[in-house]
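Summary of the model geometry
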Amino acid sequence: MKVAVNVFQTLFSTLLAGSLCVSAPVLAAKKADFYHFPPGFLWGTATAAYQVEGGIQNDWSAAGLDAGQAADHAKRYEEDFDTLEKMGTPAYRLSIEWAKLEPEPGKYNRQALEEYRKMLKSLNQRGIQPMVTLFHFTLPTWFAQKGGWTRPENIQDFVRFCTWASGELKDEVHWWFTINEPLVYAFKSYDAGAWPPFQKDRNMALRVIKHLILAHAEAYRAVHAQDPIAWVGFAKNITLLEPNVAGNPLDQAMTGFQSYLFNEAFWDAISQGELNFSVPGVEPIQIPYNKNLHGSMDFVAFNYYTRYMITASGAQVTRPGVPVNELNWEIYPEGLLKVLRLAHKHAKRLHVPIIISENGLADADDSQRRAFLLQHLQQIWQGLQEGIPVAGYLHWSLMDNYEWADGFAAKFGLLDIQRKWRPSGLMFQEIVKQNGFPAAWLEQHPLPAK
Ligand code: IFM
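Residues numbered from 1 in each chain as written. Predicted model: local features only at pLDDT ≥ 70, side-chain atom pairs only at ≥ 80, totals over all residues. Heavy atoms only, no water.

With respect to the overall build of the chain
The secondary structure content of the chain amounts to 15 helices and 15 strands. Here the C-alpha atoms of the chain give a radius of gyration of 21 Å, agreeing with the 22 Å that 2.2 N^0.38 yields for 450 residues. By residue count, 59% of the 450 residues in the chain fall in the buried class. For the chain, the proportion of contacts with a sequence separation of at least 24, taken over those separated by at least 6, is 75%. Carbon and sulfur atoms make up 54% of the accessible area of the chain, which amounts to about 16700 Å² in all. On the chain, the mean spot of the 41 positive side-chain charges and the mean spot of the 46 negative ones are 2 Å from each other. (Helix = DSSP H or I, 4+ residues; strand = E, 2+ residues; numbered from the N terminus. Rg over C-alpha atoms; globule rule 2.2 N^0.38 Å. Buried < 20%, exposed > 50% of the residue type's maximum accessible area, 1.4 Å probe, protein only. Contact = heavy atoms within 4.5 Å. Areas by Shrake-Rupley, 256 points an atom, 1.4 Å probe, with all protein chains shown as cover. Lys, Arg positive; Asp, Glu negative; His and termini not counted. Charge placed at Lys NZ, Arg CZ, Asp CG, Glu CD.)

Dropping the structure here:
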C-alpha cells in the first residue's frame, strides 16, 4: 500500500511542478493525433454503498425510499472486483455505510466492519486503490432522528464515527472522502424537500451547509490523527452555472451569487479557514477563522455532470435544443475544462492536485456514453496541457444502480445491473489500457441527439 501511495506522490509532484511552470493564462485548444494521459494517471469508477450494496436500513429506507437489493453488490462484490481488474482501473471509489457500521450511537457492528475489511483487502490484493467516502447522502436513523446535520452538537457523532472507521481501516485505505456533494445534499434535503427529511426551509439548508463545512474539517483532522499520511478530501459537485443571457447584468449578478454559494464557498472556507457569506433575505453563513478548517484538503475533488443557465430570478434552466441525457441534463463537455480552471484556482492556493471524482450520464441504450466519455476526456487532456494538475478521473458509475429519488430508471453504468458490459465499458477499458485514445475515435463516435 505504501508503495502505491509513493507512486502517487511522485505523480502529484510531477503534475504540480508542471502546474507551476505553466501559469494561469488559458492556452489555445491543442489538437493531437492521440490523447496521451500522464503515466500513473488514476483511472477509476465510483459507486456509493446505498446505491449498490442492497439490504441497507438507514434514513432513506425509513422514509420509504428503499433501495431494496440495489445492485446486489454486497453479495457480488468479488465478481464486481474481477470486472474492475479486467477494466484495468487502478482506483475505485466506494462508500462505507455509517448506518450499518454504527447501528446505535457509539455501538459498532464488528461483523459489518469485517465485511468491509474483506472488500477493501480484495481491492488492494488486486492492485486497486480504494478511495472511501464516509458520508454519501445516507444517515443512520438515530442520527437523522436527533436532527442530523441541522444541529451543531451532532457533528461530534460523525467525527467519532470517522475516527473509529479510519482507525480500523487504515491499513487498507489511504484515500478518504469525508463527504460527498454537501451542497447537493443540503439543498435537495432541506430546500427542495426532495430527499429525506423532505424539508423546504432555505435557512435550514444554509445552516446544514455550515455544519457540513465544520464536520468536514473535524473529520479531516480525525482521519489524519489515525493516519498522518492519508490523502483526505471531499467530493464537491460542481455544476457549471452561466448567465442565461450573456450580456444581461441581472442574469450575470444572479449567476455570480449562485456560483459562489454552490461552487466556491466550501472550497473558499477551506483555503481561507473562514467564511462570511451573507445575502439579504437568508441567514448568513458565518464561520470565524478556524485552524482545523484551514487547509483541510489534500486534494481538490469534484463531480462534474452538467451546466445550468441562470436567469435574473434565480431559475436554473437548460437551453432548448442543447444535447441532453435521459434526465434532461445538458451534455456540455467544454464545461469540464471551465470547471477544471475554477478548481485549479483553489488547488493552487493549497498546492494540491485535482481529482475528477465523478463524471457520467444516464443513458440506458448506451448511445451517447462513448461520445460523452471521449469528449470529456479530451477536455481533461486540454486542462493537462494548460498545466492543471489533474491526477485522476473516476467514471460514475461501474454498474447501473439506485439513483436516489429517480429510483432505478436512470442508468449510469458502464455495465448494466446484470453485469453485462456496455460498449462504453469496453471503450473505457481500452482507454485505460492505452492510457489515452486516438483522436480519430472522436469522429467515429459523434454525440447522437436523444
Ligand atoms: O448517483 C449520484 C451520486 O450518488 C452522486 N453524484 C451524482 C450521481 C448521479 O446523479
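Concerning the packing of helix H9 (residues 182-190) against helix H11 (residues 249-272)
Where H9 meets H11, the closest approach of the two axes is 10 Å, and the angle between their N-to-C directions is 135°. One element, H9, and the other, H11, form an angle in the oblique class. Note on packing geometry: the crossing formed by H9 with H11 is right-handed. Note on element contacts: H11 touches H9 through Leu-261, Phe-262 and Phe-266, opposite Pro-182, Leu-183 and Phe-187. Residue classes in the contact of H9 with H11 are distributed as six nonpolar, no polar and no charged. (Axes fitted to C-alpha atoms, helices over the stretch in contact; angles between N-to-C directions. Parallel < 35°, antiparallel > 145°, perpendicular 65-115°, else oblique. Left-handed = near helix turned anticlockwise from the far one by under 90°. Nonpolar A, V, L, I, M, F, W, Y, C, P; charged D, E, K, R; others polar.)

A word on helix H12 (residues 334-350)
Because each turn of an α-helix spans 3.6 residues, side chains separated by three or four positions end up pointing in the same direction. With 17 residues, H12 should reach 24 Å at 1.5 Å per residue; the first-to-last C-alpha distance of 25 Å fits that figure. Gly-335, Leu-336, Leu-337, Val-339, Leu-340, Leu-342, Ala-343, His-344, His-346 and Ala-347 are the residues of H12 that are buried. His-351 lies just past H12 and shows a positive phi near 60°. (Expected span 1.5 Å × (residues − 1).)

Points about the site of the ligand
All residues adjacent to the ligand are Gln-51, His-136, Phe-137, Asn-180, Glu-181, Tyr-305, Trp-329, Glu-358, Trp-396, Glu-403, Trp-404 and Phe-412. At 2.8 Å, a side-chain N or O of Glu-181 approaches a nitrogen atom of the ligand. Taking Glu-403, its side chain carries an N or O atom lying 2.5 Å from an oxygen atom of the ligand. Protein coverage of the free-state accessible area of the ligand, which is 280 Å², stands at 95%. Grouping the amino acids of the shell around the ligand by side-chain chemistry returns six nonpolar, three polar and three charged. (Near = heavy atom within 4 Å. Polar contact = N/O pair within 3.5 Å; in protein donor to acceptor, adjacent residues only side chain to side chain.)

So, the packing of aromatic side chains
Applying the stated criterion across every chain yields a total of 43 aromatic pairs. Look at Trp-98 and Phe-161: their rings are 5.4 Å apart centre to centre, the planes differ by 15°, and that puts the pair in the stacked class. With Trp-98 in helix H5 (residues 98-101) and Phe-161 in helix H8 (residues 155-169), this pair connects stretches of sequence that are 63 residues apart. What makes Phe-161 buried here is its relative accessible area of 0%. Considering the side-chain rings of Tyr-402 and Trp-404, the 6.2 Å spacing of their centres and the 70° angle between planes classify their relative orientation as edge-to-face. The burial state of Tyr-402 is the same as that of Trp-404; both residues are buried. Linked through ring pairs, Trp-98, Tyr-108, Phe-135, Trp-142, Phe-143, Trp-149, Phe-158, Phe-161, Trp-164, Tyr-185 and Tyr-190 together constitute an aromatic cluster. One Lys or Arg, Arg-93, reaches over the ring of Phe-177 and ends 4.6 Å from the middle of that ring. When the ring centre of Tyr-332 is taken as origin, the NZ or CZ atom of Arg-307, which lies over that ring, is 3.7 Å away. (Phe/Tyr/Trp six-rings, centres within 6.5 Å; stacked < 30°, edge-to-face > 60°. Lys NZ or Arg CZ within 6 Å of the ring centre and 35° of its normal.)

Some details on the environment of Lys-291
With respect to the helices and strands, the residue Lys-291 is situated in the loop between strand S9 (285-287) and strand S10 (300-303). A C-alpha to C-alpha distance of 9.0 Å links Lys-291 and Ala-217, two positions 74 residues apart in sequence.

Focus on the pairing of strand S2 (residues 42-46)
With five of five residues buried, S2 is to be regarded as a mostly interior element. Of the two faces of S2, both are covered, the one formed by Leu-42, Gly-44 and Ala-46 as well as the one formed by Trp-43 and Thr-45. For S2 and strand S3 (residues 91-95), the ladder comprises three bridges, and the chain directions are parallel. The residue of S3 that forms the bridge with Gly-44 is Ala-91. (Pairing = 2+ DSSP bridges.)

Some points on the side chain of Thr-255
When you line up the elements, Thr-255 lands in helix H11. A residue is classified by how much of its surface remains accessible, and Thr-255, at 6% relative accessible area, is buried. Contacts of Thr-255, omitting those with residues within four sequence positions, involve Leu-241, Glu-242, Pro-243 and Ile-310.

What about the nonpolar core?
The biggest cluster of nonpolar side chains holds 122 residues, and the ones touching the most others in it are Trp-149, Phe-158, Phe-302 and Ile-380. Sorting elements by how many residues they give to this core places helix H10 (residues 202-226) first, with 14 residues. What Phe-158 contacts, discounting residues up to four positions off in sequence, is Trp-98, Leu-134, Phe-135, Trp-149, Thr-178, Ile-179, Ala-215 and Ala-219. With 19 residues, the next largest nonpolar core counts Met-131, Trp-175, Trp-231 and Phe-299 among its residues. (Core = buried A, V, L, I, M, F, W, Y, C linked by side-chain atoms within 4.5 Å.)

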